Amino acid sequence: MKNAKLLLLAGALAATATAFGGTREDLRAALIDAVNSGKTYFGHHDDTAYGHNWTGEDGRSDTKETAGSYPGIMSWDLGDLEWGKDRDLDGVPFDLIRREVIVQNKRGGLSTFSWHCDHPLTGLDSWKTADKTQVAVLLHTEEGRAAFARQLDYLCDFFNSLKDENGEKVAVIFRPWHEHTGSWFWWGRDNCSTEDFKALWSTMRAHFDARGVDNVLWAYSPDRCENAEMYMERYPGDEYVDILGADVYHFHNEEGSEEYRRCAGTTLGIACAEAAKRGKIAAFTETGLESLTIPDWYNSHLLPLLEANPVAYVVVWRNAYRSPRHYYVPYPGHPAEASFRKFADNPRTIFVK
Ligand code: BMA
């Protein structure tokens, strides 16, 4: 009897591991399955690396301490990996991220990556936009192409190194050149031409393919858009994109509620419609209300958006350990804690134990 139970348990664990496991197609299937069953993976950036007032404590998570479980999808950033550094721009060691991707996969959860990269030639960070030739130079000059290729090599090495204990690669989502419909990053709308923006994608993809990176699903994530033309203007093409996302934040607390509902609703509506048309997956790739000044935000604001728009996952931004007001999930004792737990207990949202 005992043995039979153990066998059953082992079977169940194995089923979970393979259902969300290694390959890109497993990952795609997990996302499609979520959408088809009316569910959404909940995600938090840098969740287990640090939180409100703490950093570097193995297994700790503000999400787990308030919601009771880890996020269904972990979000990480690759910024500074382009120089071969061992920590990202917010101080998270890449070794820790690599380990966490594997641990998350074992929990039956997923992982996604953004890239706040420095410019390969100027070394300026993502937010330095005065020079409008920064994208062009990477595509149309020999020096730029070589420097860009060196940066991409570091990324390829990293993705290729995401392997479980059996040496099998674990698939993840990669969301480069995000929020390009705004102009606050050097790859943003006013800072490069439409053709050059698309060429950034195709150049990068060719490099990844040549380096054998076969464990990535690609996410396209404009900022808020008023209409489908704006959303699709710089879409690189169906062959480069698996996931159609939207980055829309809630600003200005209660006064910003109406605007958030309208902008997020419109942009997610476009992402879902375009995804359905193209056989792609829609996602709410970045959102949140900083400091959760509306304690019921997760149920009163986010949940209705998920109910109205079939997205496979939603990611909220980080709980910074050095900036006391920069957090997007509650920490223990915060007024939003009870509501967040209710959100996690809702059968629609996917968290992992
Ligand atoms: C921003 C802020 C910054 C951070 C950057 C990259 O939204 O959280 O503090 O450095 O993202 O993660």
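Residues numbered from 1 in each chain as written. Predicted model: local features only at pLDDT ≥ 70, side-chain atom pairs only at ≥ 80, totals over all residues. Heavy atoms only, no water.

1. Considering the layout of surface pockets
Next up, step 1: By volume, the largest pocket amounts to about 390 Å³.
Next up, step 2: Taken together, 18 residues line the largest pocket, and the ones lying closest to its centre are Glu179, Phe185, Tyr249, Glu286 and Trp317. (1 Å grid on protein atoms, 1.4 Å probe; cavity = no way out; pocket = protein on both sides within 12 Å on 5 of 7 lines; lining within 4 Å. Points joined across faces, edges and corners; volume = space filled by probe spheres on them.)

2. Here's the deal with the confidence of the model for the chain
Next up, step 1: Chain-level pLDDT for the chain is 94 on average; 94% of the residues reach the 70-or-more range.
Next up, step 2: Low pLDDT, under 50, characterises residues 1-19; the stretch is placed with four contacts to residues that sit more than four places away or in other chains. (pLDDT = per-residue confidence, 0-100. Contact = heavy atoms within 4.5 Å.)

3. Some remarks on the pairing of strand 7 (residues 172-175)
Next up, step 1: Burial along strand 7 is two-sided: the face carrying Val172 and Phe174 and the face carrying Ile173 and Arg175 are both buried.
Next up, step 2: With three bridges joining them, strand 6 (residues 110-114) and strand 7 adopt parallel strand pairing. Each bridged residue has a counterpart across the sheet, and for Ser114 the counterpart in strand 7 is Arg175.
Next up, step 3: Viewed along the sheet, the connection from strand 7 through helix 7 (residues 194-210) into strand 8 (residues 216-220) turns out right-handed. (Buried < 20%, exposed > 50% of the residue type's maximum accessible area, 1.4 Å probe, protein only. Helix = DSSP H or I, 4+ residues; strand = E, 2+ residues; numbered from the N terminus. Pairing = 2+ DSSP bridges. Right-handed = clockwise from strand over helix to strand, strands pointing away.)

4. Quick look at unusual backbone geometry
Next up, step 1: A positive phi angle is found at His252, which is not glycine, with a value near 65°.
Next up, step 2: Since its relative accessible area comes to 55%, His252 is described here as exposed.
Next up, step 3: Despite not being glycine, Ser291 has its phi angle at roughly 70°, a positive value.
Next up, step 4: Looking at the secondary structure, you find Ser291 in the loop between strand 11 (284-287) and helix 10 (297-308).

5. Concerning the packing of aromatic side chains
Next up, step 1: On inspection of all chains with the given rule, the structure shows 36 aromatic pairs.
Next up, step 2: Seen in terms of ring centroids, Phe42 and Phe340 are 5.5 Å apart; in terms of plane orientation they differ by 65°. Their pairing is edge-to-face. On the criterion of sequence distance, the pair formed by Phe42 in strand 1 (residues 40-45) and Phe340 in helix 11 (residues 337-345) is long-range, its members being 298 residues apart. Each member of the pair, Phe42 together with Phe340, is buried.
Next up, step 3: Through pairs of rings, three or more aromatic residues link up here, namely Phe94, Phe113, Phe158, Phe159, Phe174, Trp201, Phe208, Trp218, Tyr220, Tyr231 and Tyr235.
Next up, step 4: In this structure, Arg107 is placed above the aromatic ring of Tyr70, and the distance from its NZ or CZ to the ring centre is 3.8 Å. (Phe/Tyr/Trp six-rings, centres within 6.5 Å; stacked < 30°, edge-to-face > 60°. Lys NZ or Arg CZ within 6 Å of the ring centre and 35° of its normal.)

6. Things to note about the site of the ligand
Next up, step 1: With respect to spatial proximity, the complete set of residues near the ligand consists of Leu89, Asp90, His116, Trp127, Trp317, Arg318 and His326.
Next up, step 2: Contacts to the ligand include Trp317, whose side-chain N or O atom sits 3.0 Å from an oxygen atom.
Next up, step 3: The separation between an oxygen atom of the ligand and a polar side-chain atom of Arg318 is 2.7 Å.
Next up, step 4: For the ligand, whose free accessible area comes to 310 Å², the fraction covered by protein is 71%.
Next up, step 5: Judged by the proximity of its atoms to the pocket grid, the ligand belongs to the largest pocket.
Next up, step 6: The residue makeup of the shell around the ligand, split by class, is three nonpolar, two polar and two charged. (Near = heavy atom within 4 Å. Polar contact = N/O pair within 3.5 Å; in protein donor to acceptor, adjacent residues only side chain to side chain. Areas by Shrake-Rupley, 256 points an atom, 1.4 Å probe, with all protein chains shown as cover. Sits in = over half its atoms within 2 Å of the grid points. Nonpolar A, V, L, I, M, F, W, Y, C, P; charged D, E, K, R; others polar.)

7. A word on the packing of helix 6 (residues 142-160) against helix 7
Next up, step 1: In the contact formed by helix 6 and helix 7, the axes pass within 10 Å of each other and the chain directions differ by 55°. Considering the angle they form, helix 6 stands oblique to helix 7. In this structure, helix 6 crosses over helix 7, and the sense of that crossing is right-handed. Where helix 6 approaches helix 7, its residues Phe148, Ala149, Leu152, Asp153, Leu155, Cys156 and Phe159 are matched on the opposing element by Leu200, Thr203, Met204, His207 and Phe208. (Axes fitted to C-alpha atoms, helices over the stretch in contact; angles between N-to-C directions. Parallel < 35°, antiparallel > 145°, perpendicular 65-115°, else oblique. Left-handed = near helix turned anticlockwise from the far one by under 90°.)

8. Things to note about helix 2 (residues 24-36)
Next up, step 1: For helix 2, spanning 13 residues, the distance from its first C-alpha to its last is 18 Å, which sits close to the expected 18 Å at 1.5 Å a residue.
Next up, step 2: Of all the residues in helix 2, the buried ones are Leu27, Ala30, Leu31 and Ala34. All buried residues of helix 2 project into a common sector of 95° when viewed along the axis, lining one side.
Next up, step 3: Of the residues one or two after helix 2, Gly38 is the one with positive phi, at around 65°. (Expected span 1.5 Å × (residues − 1). Arc of directions from axis to C-beta.)

9. Focus on the pattern of salt bridges
Next up, step 1: Per the stated rule, a full pass over the model turns up 22 salt bridges.
Next up, step 2: Beyond isolated ion pairs, a larger network of salt bridges with shared partners links Asp238, Glu274, Lys277 and Arg278. (Salt bridge = Lys/Arg side-chain N within 4 Å of Asp/Glu carboxyl O.)

10. Description of the pairing of strand 12 (residues 313-316)
Next up, step 1: The two faces of strand 12 match: Tyr313 and Val315 on one face and Val314 and Val316 on the other face are all buried.
Next up, step 2: Here four bridges tie strand 1 to strand 12, and the two strands are oriented parallel to one another. Considered in strand 12, the bridge of Gly43 is made with Val315.
Next up, step 3: Relative to strand 12, strand 11 runs parallel, the two being bridged by two bridges.

11. Quick notes on the environment of Tyr70
Next up, step 1: Along the chain, Tyr70 turns up in strand 4 (residues 70-71).
Next up, step 2: With 84 residues separating them along the chain, Tyr70 and Tyr154 place their C-alpha atoms 29 Å apart.
Next up, step 3: A polar contact of 2.6 Å, which involves the side chain of Tyr70, links it to the backbone oxygen of Gly59.

12. Some details on the side chain of Asp80
Next up, step 1: Following the sequence through the fold, Asp80 ends up in the loop between strand 5 (73-77) and helix 4 (94-106).
Next up, step 2: Beyond its immediate chain neighbours, meaning those up to four positions away, Asp80 contacts Lys85, Arg87, Asp88, Leu89, Phe94, His116 and Asp118.

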